[in-house]
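Architecture and fold: a report
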Amino acid sequence: MIASFKSLLSTGVSLLSSSPRAFGSALLDSIIRMSTTKTNYWLEFVFTGSLATALLAAGVHQHTGSWLADFFTVMAGLLAFSFIEYVFHRWIFHGPPSMYRRGHDAHHLDPHGYDALPFFLPSAILLGLTLVFAMVVPASHACLLGGSIAFGYVAYGLSHFAIHATRFRLPWMRNWAARHHVHHHNPNQNFGVTTPLWDYVLGTRYRRTSRRG
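Residues numbered from 1 in each chain as written. Predicted model: local features only at pLDDT ≥ 70, side-chain atom pairs only at ≥ 80, totals over all residues. Heavy atoms only, no water.

1. With respect to the overall build of the protein
Of the regular secondary structure elements, the protein holds 9 helices and 0 strands. The proportion of buried residues among the 213 residues of the protein is 36%. The contacts in the protein between residues at least 6 apart in sequence include a share of 67% that link residues at least 24 apart. Taken as a whole, the protein presents about 12800 Å² of accessible surface, with 67% of it coming from carbon and sulfur. (Helix = DSSP H or I, 4+ residues; strand = E, 2+ residues; numbered from the N terminus. Buried < 20%, exposed > 50% of the residue type's maximum accessible area, 1.4 Å probe, protein only. Contact = heavy atoms within 4.5 Å. Areas by Shrake-Rupley, 256 points an atom, 1.4 Å probe, with all protein chains shown as cover.)

2. Considerations on the packing of aromatic side chains
Per the counting criterion, the structure on display carries 17 aromatic pairs. Relative to Trp91, the ring of Tyr86 has its centre 5.9 Å away and its plane inclined at 75 degrees; by these criteria the two rings are edge-to-face. Relative accessible area serves as the criterion here: at 45%, Trp91 is assigned to the partly exposed category. Both rings, one in Phe88 and one in Phe93, keep their centres 6.2 Å apart while their planes meet at 70 degrees; by these two values the pair is edge-to-face. Residue Phe93 is classed as buried on the basis of its relative accessible area of 14%. Taken together, Tyr41, Trp42, Phe45, Tyr114 and Phe161 form an aromatic cluster joined through their ring pairs. (Phe/Tyr/Trp six-rings, centres within 6.5 Å; stacked < 30°, edge-to-face > 60°.)

3. Here's the deal with the pattern of salt bridges
Scanning the model with the defined rule gives 1 salt bridge in all. Of the charged contacts in the structure, one is a salt bridge between Arg101 and Asp105, with a shortest N-O distance of 3.0 Å. Separated by 4 residues within a single helix, Arg101 and Asp105 lie in helix H5 (residues 99–109), roughly one turn from each other. Residue Arg101 is classed as partly exposed on the basis of its relative accessible area of 25%. Exposure remark for Asp105: the relative accessible area of 31% places this residue in the partly exposed category. (Salt bridge = Lys/Arg side-chain N within 4 Å of Asp/Glu carboxyl O.)

Have a look at this one:
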């Protein structure tokens, strides 16, 4: 499992003396290969989950004012993530050709595979987003916003894994999972994984057509 990371390191070392363009291309190829490994898949949860915990803890530690305001800040972060999830799934993962589109196409071909973003990328983006929040809102609210979005991302990833790896017994969970399975057969519908909210709002919810014969 660690072999992919050793390969990434050795690739970087061997190309240090080559041209910058060749080095960048080879490094990108190594990162893409690493992104299909089981190790990378679970490390992404570890990194992002740790960041979510740290940011939420920092937000609570720096708390000043109303706890109700903090609660609504967390709710706003979770709502924001649900929209980010929808936007990425609909317009990036199913959008123009890109590294993200190729990875998602691989997932549609093999839903039980381990294709994911490079383990460090979501945490880096979320940390940067939190710093941007801190420029416009108090630090405690910035941490709570960033932490709740990070938590939403981890919840999304684990939910997505569970949907493809688990046979649910409870009817409501089977219905929840079925919404995403429908997307694999109708890729222009049911983009929401954690919630169908934005599919309802933006008109992409799958509707079964009745057959009249």
